[in-house]
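# Analysis of the macromolecular model
Next come the chains, spelled out residue by residue.
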2 protein chains.
Amino acid sequence: MSDLAAALDIVGARWALLVVERLLDGPQRYGDLQRDLGVPTNMLATRLRELEAAGVLTRLPLRHNTRAYALTDRGLALREAIVALGRWGAEQA
Amino acid sequence: MSDLAAALDIVGARWALLVVERLLDGPQRYGDLQRDLGVPTNMLATRLRELEAAGVLTRLPLRHNTRAYALTDRGLALREAIVALGRWGAEQA
DNA sequence: CGTCGCACTTGCATTTTGCAAGTGTGACCG
DNA sequence: CGGTCACACTTGCAAAATGCAAGTGCGACG
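Quick summary incoming for the structure in this document. Fair warning: this is a prediction, and the values are worked out from it, not measured in the lab.

As a further point, take helix 2 (residues 16–23) of chain A. Counting buried positions over the eight residues of helix 2 of chain A gives six, a clear majority of the element. Looking at helix 2 of chain A, one finds that the buried residues are Ala16(A), Leu17(A), Leu18(A), Val19(A), Val20(A) and Leu23(A).

Spelled out as structure tokens, the structure:
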């Protein structure tokens, strides 16, 4: 499997990169991600579980039943790729 | 829709970026892509149609019922993003 | 005129995604 | 102490995307 295929295996699923992009601005709560991205709640829950398992993000417990999701170093390392893809997308206007 | 979302709308589908990556090495024929990537033939046909419609690649007629697929400028512009994602994928070893 | 390679298409099973509604839990209000 | 609320999910089911296997069309070549 190529390097690109390995990357897509982790962040190639629908919404995954968009979640990571949102977290580049700092930790976010579940409801914030949901409202900002418009992602279906079950998909968001699934993606967050997968990305946590892949070591891309972690859960930070806040108060009682509230937590925030924050990128790990591995997640932050996606910034370059996300910026590059975003620039490409912007050029298609 | 964000720039990233716009990009993923075009190259976010499964196999799409892998096809583009393969074409960064130069034009390829259908059978070559299929064998090199291990992509199901109907998916490959669908992706090639979509990527052509999006202006990412073009068909170059060779002889009779053979053609090659080549990236357009728009397709070549994905190189930076693909390299960045590939590097990230390599770091996860 | 029959066979071959190439580029697909088609039919159907499996998997992923999406929508809508429901669940659990602790804080806060009266 | 009971009721309501916000938040973070889970669940059930329909729709869409993906994958597998087999089939089609069509020039070239013998």
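Continuing now.
A separate point is the sheet that holds strand 1 (residues 28–29) of chain A. Residue and element names in this part refer to chain A. The antiparallel open sheet is built from three strands, whose spatial order is 1-3-2. The outermost strands of the open sheet, each flanked by one partner alone, are strand 1 and strand 2 (57–61). By the bridge criterion, five bridges tie strand 2 to strand 3 (residues 67–71) in an arrangement that is antiparallel. Across the sheet, the residue bridging to leucine 57 is leucine 71, located in strand 3. Helix 2 contacts strand 1, strand 2 and strand 3 of the sheet and is inclined by roughly 95° relative to strand 3. Helix 4 (residues 41–53) rests against strand 2 and strand 3 of the sheet, and its axis sits at about 110° to strand 2.

DNA strand C sits among 21 residues. The nearest are Trp15(A), Asn42(A), Arg47(A), Asn65(B) and Tyr69(B). For DNA strand C, a sugar or linking oxygen lies 3.3 Å from a polar atom in the side chain of Arg14(A). Contributions of two or more residues to the surface near DNA strand C are made by helix 4 of chain A together with helix 3 (30–37), helix 4 (41–53) and strand 3 (67–71) of chain B. Here the surface near DNA strand C is built from residues that sort into six nonpolar, nine polar and six charged.

All names here are of chain B. Burial analysis of strand 3 places four of its five residues in the buried class, which makes it a mostly covered element. Across two bridges, strand 1 (residues 28–29) lies against strand 3 in antiparallel orientation. Bridge pairing links glutamine 28 to tyrosine 69 in strand 3. Connecting strand 2 (residues 57–61) to the antiparallel partner strand 3 that follows it, the hairpin turn spans five residues, and histidine 64 within it adopts a positive phi of roughly 30°.

Taken as a class, soluble globular proteins show a tendency for nonpolar side chains to be buried jointly. Val56(A), Leu78(A), Leu85(A), Val56(B), Leu78(B) and Leu85(B) are the most contacted members of the largest nonpolar core, which has 54 residues in total. Setting aside anything within four residues of it in sequence, one finds Leu78(A) in contact with Val11(A), Val20(A), Val56(A), Leu85(B) and Trp88(B).

This part is about the relation of the copies chain A and chain B. Of the transformation superimposing chain A on chain B, the axial component is 0.0 Å and the angular component is 180°, with the fit at an RMSD of 0.0 Å. The relationship between the two copies is best expressed as a two-fold rotation axis. Judged by C-alpha distance, Ala81(A) is the residue of chain A that lies nearest the rotation axis, at 2.7 Å. Take the interface residues of chain A: 100% of them recur as interface residues in chain B, which is what a same-surface contact looks like.

On to the protein's contact with DNA strand D. Close to DNA strand D lie 21 residues; Gly31(A), Tyr69(A), Trp15(B), Asn42(B) and Arg47(B) are nearest. Backbone atoms, meaning sugar and phosphate, form 62% of the atoms of DNA strand D found within 4 Å of the protein. For DNA strand D, a base nitrogen lies 2.3 Å from a polar atom in the side chain of Asn42(B). For DNA strand D, a base oxygen lies 3.3 Å from a polar atom in the side chain of Asn65(B). For the surface near DNA strand D, the secondary structure elements donating two or more residues are helix 3 (30–37), helix 4 and strand 3 of chain A together with helix 4 of chain B. Split into classes, the residues belonging to the surface near DNA strand D amount to six nonpolar, nine polar and six charged.

The rules behind these values
Residues numbered from 1 in each chain as written. Chains lettered and ligands numbered in written order. Predicted model: local features only at pLDDT ≥ 70, side-chain atom pairs only at ≥ 80, totals over all residues. Heavy atoms only, no water. Buried < 20%, exposed > 50% of the residue type's maximum accessible area, 1.4 Å probe, protein only. Helix = DSSP H or I, 4+ residues; strand = E, 2+ residues; numbered from the N terminus. Pairing = 2+ DSSP bridges. Contact = heavy atoms within 4.5 Å. Axes fitted to C-alpha atoms, helices over the stretch in contact; angles between N-to-C directions. Near = heavy atom within 4 Å. Polar contact = N/O pair within 3.5 Å; in protein donor to acceptor, adjacent residues only side chain to side chain. Nonpolar A, V, L, I, M, F, W, Y, C, P; charged D, E, K, R; others polar. Core = buried A, V, L, I, M, F, W, Y, C linked by side-chain atoms within 4.5 Å. Least-squares fit on C-alpha atoms with pLDDT ≥ 70 in both.

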